[in-house]
Every structure is written in structure tokens, then in C-alpha cells.
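A look at the structure
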Amino acid sequence: MLIIKKVIIYLFKSMSKLFSICPVCDAQVVLAEGVEESEIISCSDCRCRLVVEKIEKNTAALTKAPEVEEDWGE
Amino acid sequence: MPTIGLFHSTVRAEEKLIIRAAREKKAGIKLIDIRNEVFNPLHYRPDFDIALERSVSTVKGGYATEFLEALGAVVINPSGVARICEDKFLTSLALQKTGVPTLKFAMAFSLEQAMAAVADLGGFPVVVKPPLGSWGRMLAKVNDRDSLEAIIEHKDVLGSPQQKAYYLQEYIQKPGRDIRSFVVGGETICAIYRTSSHWITNTALGGKATNCPVTKELSQLSLQAAKAVRGGILAIDIIETSEGLKVNEINHTMEFKNSEEPTGVSISGAIVDYCLQKINSND
Ligand SMILES: Nc1ncnc2c1ncn2[C@@H]1O[C@H](COP(=O)(O)OP(=O)(O)OP(=O)(O)O)[C@@H](O)[C@H]1O
Ligand SMILES: [Zn+2]
């Protein structure tokens, strides 16, 4: 019984997670909880820096992040 | 509900902390990616009570601020503050003019003038910086005339027009660390030491952040510096010299993600409170 409950919780949790595909290496990317659009993340496979362009239900559109520009800073 | 318009480009950890702080305080927060906006004064309708400018791009952030102010919106930090803080030479001038202890500095546009400036500053080593740079990029500690020549030739051949204005500072032998204090609305809320074995101690480049007690001296110097540039929400970079604390430079869209934990102070919370306070005082 307990195991079934755990499996259901696991399935539920994984369903609420955001998944996407790395546009550089095609690996599956799992996005952290609380991720925001316009945030920069990195692909755990190829380590490319990626921009979270748009978040929809349980997926997100990712693009390769731009190089740092000369006027970037604090 | 009072609403903060958070003008951003790339969302950094800092922006996420600000968003979270606003939600916790039940303040409205509207995320506005400036790269998705059309800033046309005939059509733009601000739908927030105050704008918080947090763009990673200094140029875009600067234009957004000027635009919003032209429409009558209140922007934190205001354009006047941003214009001074984004430029190290203007910051030095503002500090010097108001008598805030700061490093000796000069600007020159050619090698011979730069050599004369070095002599004025007390000789080598000096530090050469792009006036508009950040994150410790392209800073150079210059030990002799040969290196100065090489650096200036590089900038002359490869640099943008901005890079061809040489901002020079005396080099300070510091105790392996510098200080960053945070000023929000006329109060020094906390400070960190940035420690590194390299003379460039920026945490973005691997320097370590630890709590720095806010002494009366540190607090007063920070407030004086903030007043000199008429801010707002600022991070003041301070160096410990043999003649006491001196202000190196000031940041107007400061990064602070590594500073909340060691100081135990919610910098993001203070930023949100300051914005809410400004909304109330402008009503
Ligand atoms: N004249 C100097 N003498 C000694 N150390 C210096 C000098 N100027 C800068 N540094 C060190 O170099 C680092 C970066 O300096 P500075 O803040 O001027 O550059 P920056 O690119 O604007 O960085 P940030 O984005 O952190 O503001 C700091 O750790 C500072 O202590
Ligand atoms: Zn990848």
C-alpha cells in the first residue's frame, strides 16, 4: 500500500515538474522549481547557458543564451 | 494593491529574490522584460506605481529609465543616479567634488598623457579600467611603462570609442579583501567583505563573501557616498587603505545574492520596502 502511495506521489511530483529539451545538445533538461521567464540556466549535459524564453503548463521553450555584452554589469 | 514594475533583461538570482520578497509582502510585482517593450511615448501606458530598473544591460536600462521618467513615472534608481554610477569617471568626480574619501584618479586619451597621469598619481603600479565596465572585466594592474604602452595600444586597435578613454587609479595594496556596503533609502543596511587571493575580489569572479560589521565609520562613509550620487538603492565598493576607508566605486543595479546569507539581512526585502515607501510618499 505504502509503495503504491509513494509511486503515486512520485508520479504526481514528476508531472508538476517542468521538462524541456536543450536546443544545443538535445538532452532533456529538468527546470528547477520557481524558474522564471528570462532566467538563464545551464544544461546539465553540455553545460551550455540557456535562456528560459517561455513557460507553458509543464514545458518551457529554451534558447542558447547570448554571450556577455560589453555594457552588461551592475 | 501597490504594484512595482520590475524592468529586467536576463533574470538573475537577485531579481528572483526581489520577486519572492514582493510576493511575501503582498505587494504587486509586474515583470517587464525591457527587450519585449516598445518605448513609444504616444502609446505606452505604465500600469504600475513605481518602476524598479534592474536591467543587466546598462544601455537598455538607461534608456528605459529616461523613457519612463519622461512619462512621469518614478524610477528607482533615477536616471541621474544611474548616469553617474554607470561611469567610474563620473562617480569619482562626484565623490571628489563632495569631499568623500576616494582613490586618486585621472583620465587621459593618449599614451603620453597617461604617463603624465601616472606620475601625478604617485607612479606605478596603477589600475587602468574601462570607465563603463563591470564585473571586474578588463581591469588591468599596470606595473611599468612597457605594460601601459601595450594596454593602450590594444585598446586603441581593438576597443570601442569608450575603451579609448583611459581611466586610471592609484593601486591600493589592500588586505586581501575589500568591502561592499549596501545603502537603501538613506540607511546602511549591511556590508560584506569580499576576500580573494587575487587583487580583483569580485564575488562574480570567485571571491568569497563574509559578513562585515557596519561600524559607525563605515556607515557614515557609505551614506556620504550615496548622497554624493543622490541614490537610492546602491552598493558602495570600499577599500581599506593605510589612510582609512576610501570609496572605490558605486553600483546602481547591484548584485547581492551572496550577501543575504552571510549578513542575515534581507536586502531584497529592503528593496521592496523602499519601493513601497516611495509609492506612498508620492501619492
Ligand atoms: N585601484 C585599485 N587598487 C586595488 N584594488 C582595486 C583597485 N580598483 C579595483 N580594485 C579591486 O578590483 C575589483 C573590481 O574593482 P571595481 O569594483 O572597480 O570593478 P568593477 O568591474 O566595477 O566590479 P563590480 O562589478 O564588482 O563593481 C575589486 O575587488 C577591487 O577591490
Ligand atoms: Zn545541452
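The coordinates are above.
Structure report, in brief. (Residues numbered from 1 in each chain as written. Chains lettered and ligands numbered in written order. Predicted model: local features only at pLDDT ≥ 70, side-chain atom pairs only at ≥ 80, totals over all residues. Heavy atoms only, no water.)

Looking now at the coordination of the zinc ion (ligand 2). For a metal with four tetrahedral donors the ideal donor-metal-donor angle is 109.5 degrees, whereas six octahedral donors ideally subtend 90 or 180 degrees. Residue and element names in this part refer to chain A. The coordination sphere of the zinc ion (ligand 2) contains the protein donors C22 (SG), C25 (SG), C43 (SG) and C46 (SG), at a distance range of 2.3 Å. Considering all 4 donor atoms around the zinc ion (ligand 2), the spread of angles at the metal, 107 to 112°, places the coordination shape in the tetrahedral class. Counting along the primary sequence, the residues that act as donors to the zinc ion (ligand 2) give the motif C-x2-C-x17-C-x2-C. Here C25, found in the loop between β1 (18–21) and β2 (28–31), pairs with C46, found in the loop between β3 (40–42) and β4 (49–56); they are 21 residues apart in sequence, far enough to count as distant. Relative accessible area serves as the criterion here: at 30%, C25 is assigned to the partly exposed category. Looking at C46, the relative accessible area reads 29%, which means it is partly exposed. (Donors = N, O, S within 2.8 Å, 3.2 Å for Na, K, Ca; no water. Tetrahedral: all angles 85-135°; square planar, octahedral: opposite > 155°, others 65-115°. Helix = DSSP H or I, 4+ residues; strand = E, 2+ residues; numbered from the N terminus. Buried < 20%, exposed > 50% of the residue type's maximum accessible area, 1.4 Å probe, protein only.)

Residue and element names in this part refer to chain A. Alternating positions in β2 separate cleanly, V29 and L31 being buried on one face and Q28 and V30 remaining unburied on the opposite face. The pairing of β1 with β2 spans 4 bridges and is classified as antiparallel. Of the residues in β2, the one forming a bridge with I21 is Q28. Here β1 folds back onto β2 in antiparallel fashion, the turn holding 6 residues, of which D26 has a positive phi close to 70°. (Pairing = 2+ DSSP bridges.)

Here the focus is the interface of chain B and chain A. The figure often quoted for interface size is the accessible area lost as the parts come together. In this assembly, 28 residues from chain B lie in contact with 14 residues from chain A. Taking both sides of the interface into account, the surface hidden between chain B and chain A amounts to around 1,600 Å²; carbon and sulfur atoms contribute 43%. Counting across the interface, chain B meets chain A through 3 salt bridges. Across the pair E74 of chain A and R180 of chain B runs a salt bridge whose closest N-O atoms are separated by 2.9 Å. (Contact = heavy atoms within 4.5 Å. Buried area = accessible area lost by both parts, 1.4 Å probe. Salt bridge = Lys/Arg side-chain N within 4 Å of Asp/Glu carboxyl O.)

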